[in-house]
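Secondary and tertiary structure notes
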Amino acid sequence: SETLTVNGLAEKLHKDVSEIIKKLMFLGIMATKNQDLDDDAVELICSDYNVTVEKEIILEDTDFDKYRKEDDEQDLIERPAVVTIMGHVDHGKTTLLDSIRHTKVTAGEAGGITQHIGAYQAENDGKKVTFLDTPGHEAFTSMRSRGAQITDIAILVVAADDGVMPQTVEAINHAKAAEVPIIVAVNKMDKETANPDRVMQELTEYQLIPEDWGGSTIFVPISAIKGEGIDELLEMILLVAEMEELKANPNKAAFGTVIDAQLDRGRGAVASLLVQDGTLSVGDSIVVGNTFGRVRAMVNDLGQRIDKAEPSTPVEITGLNAVPQAGDQFLVFTDERKARQIGETRQQQHIVESRGSQAKISLDDLFEQI
Ligand code: GTP
Ligand code: MG
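Residues numbered from 1 in each chain as written. Chains lettered and ligands numbered in written order. Predicted model: local features only at pLDDT ≥ 70, side-chain atom pairs only at ≥ 80, totals over all residues. Heavy atoms only, no water.

**Things to note about the pattern of salt bridges**
Charged atoms that come close allow side chains of opposite charge to pair. Within the structure shown, the criterion is met by 12 salt bridges. We note a salt bridge from aspartate 161 to lysine 191, for which the minimum N-O separation is 3.0 Å. Residue aspartate 161 is located in the loop between β7 (153–159) and α6 (166–177), and its partner lysine 191 is located in the loop between β8 (182–187) and α7 (196–204); the two are separated by 30 residues in the primary sequence. A relative accessible area of 23% places aspartate 161 in the partly exposed class. A relative accessible area of 37% places lysine 191 in the partly exposed class. A salt bridge links glutamate 336 to arginine 294, with the shortest nitrogen-to-oxygen separation between them at 3.9 Å. (Salt bridge = Lys/Arg side-chain N within 4 Å of Asp/Glu carboxyl O. Helix = DSSP H or I, 4+ residues; strand = E, 2+ residues; numbered from the N terminus. Buried < 20%, exposed > 50% of the residue type's maximum accessible area, 1.4 Å probe, protein only.)

This is the structure:
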């Protein structure tokens, strides 16, 4: 922030510099005319002249990129893949998510899933995978339109009895635009009318070609409703994740994205966050979109209280001064004052912007950003 010298203050007050020095001396501050004064001293002198000091808003650079540190290669460790499930209406996305959750989410939490945090972790052979619970298209459109990319792998669910449909194509386009690998889950294999060959044939048109046909796309036949093929699908996810070499540095201030947020009567602003890098801890000073605060409490996808969350972990936190929006990014600051300054500046900028341009945002603008 900007500082003021004794000389500078004298000029601002239209007083003789020697007069200011005398007053300072009276206050017990021995100062020369080129000396910087702290805020308190400035305020004391001013109040002596019946001048009120309006604190200038410190214009912080609020771009998170400025505050995120580069990593040394040696600090990076493997992190779980973040997976989104996409596909046409009724092709079985929700059933698949449920099936994975029931067969693969750590046992012993019966009745423990009290929270709905928009994401959860499954485990296979001791390796974790994070699934986003939001319908894939939404996750992609709203998140990507706001500059956030959180998905590492897209699962494209195609019903074997229905084949490629308009939203299947939409999903492919989203995944391709985001440059994330696609695994095809050919669902409803239990149905008599299931025709997986047709699905594979139709998808060749979109450059999704199975390995058997000389391509490189992984196809997994499943029955979400019967829980068949789920293990194989998870194995394939882990295989792709390994090829992607997904890494993060757990030894730094956390960074990530809001999955979901709402106002809770008792707890105030509640935000579901996906930690994408670093480790998030209870007590951290955090800026989340245009909101800020300190992480008061944190729970995991099983509703258990935790005090630390590593990369690719979905958590729910309280302690923010307002409700952020899905797709907002967050960053932890080791300096609490810095977090507050940046949070306040962002909040003010947001108020100004939303006043000025509310009417200007059209659907077309939104699509342009996607
Ligand atoms: P939207 O959220 O509406 O886009 O649908 P969705 O893709 O989530 O599909 P959902 O999981 O709701 O499944 C749609 C219907 O298909 C339901 O009646 C499911 O029971 C049924 N279904 C899902 N998976 C299977 C399956 O493997 N086999 C059979 N036979 N039916 C399935
Ligand atoms: Mg659904």
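Read on for the rest.
**Examining a negative patch on the surface**
On the surface, a cluster of negative charge is contributed by Asp72, Glu73, Glu242, Glu244 and Glu245. In this structure, glutamate 73 sits in the loop between α3 (39–48) and β3 (77–78). With a relative accessible area of 60%, glutamate 73 lands in the exposed category. (Patch = residues over 30% accessible without salt bridge, like charges linked within 9 Å, V, L, I, M, F, W, Y side chains within 5 Å. Areas by Shrake-Rupley, 256 points an atom, 1.4 Å probe, with all protein chains shown as cover. Lys, Arg positive; Asp, Glu negative; His and termini not counted. Charge placed at Lys NZ, Arg CZ, Asp CG, Glu CD.)

**So, the side chain of aspartate 152**
Within the secondary structure, aspartate 152 is located in the loop between α5 (136–145) and β7. We classify aspartate 152 as buried; its relative accessible area is 9%. A distance of 2.9 Å separates the side chain of aspartate 152 from the side chain of arginine 79, its partner in a polar contact. For aspartate 152, the side chain forms a polar contact with the main-chain nitrogen of valine 82, separated by 2.7 Å. Apart from residues no more than four positions distant in its own chain, aspartate 152 is found in contact with Arg79, Pro80, Ala81, Val82, Val180, Pro181 and Leu246. (Polar contact = N/O pair within 3.5 Å; in protein donor to acceptor, adjacent residues only side chain to side chain. Contact = heavy atoms within 4.5 Å.)

**Let's talk about the sheet that holds strand β14 (residues 285–288)**
The antiparallel closed barrel is built from 6 strands, whose spatial order is β11-β12-β17-β15-β14-β18. Averaged over all pairs of adjacent strands, the angle between their axes in this sheet comes to 45 degrees, without regard to strand direction. Judged from the 9 bridges that link them, strand β11 (residues 255–264) and strand β12 (residues 268–277) form a sheet pairing that is antiparallel. Counterpart to glycine 256 in the pairing with β12 is valine 275. (Pairing = 2+ DSSP bridges. Axes fitted to C-alpha atoms, helices over the stretch in contact; angles between N-to-C directions.)

**Quick look at the sheet that holds strand β5 (residues 119–124)**
An order of β5-β6-β4-β7-β8-β9 is seen for the 6 strands of this open sheet, with the pairing classed as mixed. Because the sheet does not close on itself, it has two edges, and the strands there are β5 and β9 (218–221). When strand polarity is set aside, the average angle formed by the axes of neighbouring strands in this sheet is 30 degrees. One ladder, built from 6 bridges, connects β7 with β8; its direction is parallel. If you follow leucine 156 over to β8, its bridge partner there is valine 184. Most of the contacts of α6 go to β7, to which it runs at about 170 degrees, and overall it touches β4 (81–87), β7 and β8. Packed on one face of the sheet, helix α8 (residues 230–244) meets β4, β5, β6 (127–132), β7, β8 and β9 and runs near 100 degrees to β6.

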